[in-house]
Amino acid sequence: MPIRELINDRLQCCSPEMNVFEATRVMKRYDVGCVVIVEDGKPVGIVTDRDIVLRCVSEGLDLVDTHLSDIMSTKVQVAHKGFGLQGALRLMRNHKVSRVPVVDQNGRVVSIFSTVDMIDHPFIRAVA
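Residues numbered from 1 in each chain as written. Predicted model: local features only at pLDDT ≥ 70, side-chain atom pairs only at ≥ 80, totals over all residues. Heavy atoms only, no water.

### Some remarks on the side chain of S111
Part 1 of the reasoning: Looking at the element boundaries, S111 is found in strand 6 (residues 109–114).
Part 2 of the reasoning: The residues touching S111, leaving out its near neighbours within four places in the chain, are I7, N8, L11, P101 and V102. (Helix = DSSP H or I, 4+ residues; strand = E, 2+ residues; numbered from the N terminus. Contact = heavy atoms within 4.5 Å.)

This is the structure:
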């Protein structure tokens, strides 16, 4: 099964210059656990709610003075829209991540795939 059948439309992108406080507002507004950091539509980083807690809050950093570029993970693993479910899950397991941006043939972010997307899919629910 290609992951394009499982991905959702909950992708939220931010720029590296955005501050952490603004990113938390985006996450709250759209009820998402991460934002993909993009430049020219291509992923350069990812910030999760966990990253904010561990790299910013627990360090006593100011949410307004800290930019996403200061705390983002820069080794972003991506999946392509044509990836099969097994390939995407293998990528996620090998890199110990639960979310991967999905890119098109030009490397531009089009969606995000998460383990929650897989679990929430009607086909998976039917067999579970």
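### Regarding the pairing of strand 3 (residues 42–48)
Part 1 of the reasoning: Within strand 3, five of the seven residues are buried, which leaves the element mostly enclosed by the surrounding structure.
Part 2 of the reasoning: Two elements, strand 2 (residues 34–39) and strand 3, share six bridges in a ladder whose sense is antiparallel. Note on strand 3: the bridge partner recorded for E39 is K42. (Buried < 20%, exposed > 50% of the residue type's maximum accessible area, 1.4 Å probe, protein only. Pairing = 2+ DSSP bridges.)

### Overview of unusual backbone geometry
Part 1 of the reasoning: The backbone phi angle of D40 is positive, close to 55°, even though this residue is not glycine.
Part 2 of the reasoning: Within the secondary structure layout, D40 lies in the loop between strand 2 and strand 3.
Part 3 of the reasoning: A positive phi angle, near 55°, is found at K96, a position not held by glycine.

### A look at the side chain of T48
Part 1 of the reasoning: Mapping T48 onto the fold places it in strand 3.
Part 2 of the reasoning: Residues contacting T48, with those up to four places away along its chain left out, are M27, G33, C34 and R99.

### So, the nonpolar core
Part 1 of the reasoning: Formed by 14 residues in total, the largest nonpolar core has its most connected members in V20, V35, I37, V47, I52 and L68.
Part 2 of the reasoning: When residues of this core are traced back to their parent elements, those giving at least two are helix 1 (20–30), strand 2, helix 2 (49–57) and helix 3 (68–71).
Part 3 of the reasoning: The biggest single contributor to this core is helix 1, with four residues.
Part 4 of the reasoning: Excluding residues within four positions of it along the chain, I37 makes contact with C14, S15, P16, K42, P43, V44, G45, I46, V47, L68 and M72.
Part 5 of the reasoning: Counting 11 residues, the second largest nonpolar core, distinct from the first, contains I3, L6, L85 and V102. (Core = buried A, V, L, I, M, F, W, Y, C linked by side-chain atoms within 4.5 Å.)

### Quick look at the sheet that holds strand 5 (residues 99–103)
Part 1 of the reasoning: Taken together, the three strands give an open sheet; going across it, the order is 4-5-6, and neighbouring strands pair in mixed fashion. Whereas interior strands pair on both sides, the edge strands pair on one side only; in this sheet they are strand 4 (79–80) and strand 6.
Part 2 of the reasoning: Examined bridge by bridge, strand 5 and strand 6 share five bridges and lie antiparallel to one another. Residue pairing across strands places V103 opposite V109, the latter belonging to strand 6.
Part 3 of the reasoning: With respect to the sheet, helix 4 (residues 85–95) is in contact with strand 4, strand 5 and strand 6, its orientation differing from that of strand 6 by roughly 75°. (Axes fitted to C-alpha atoms, helices over the stretch in contact; angles between N-to-C directions.)

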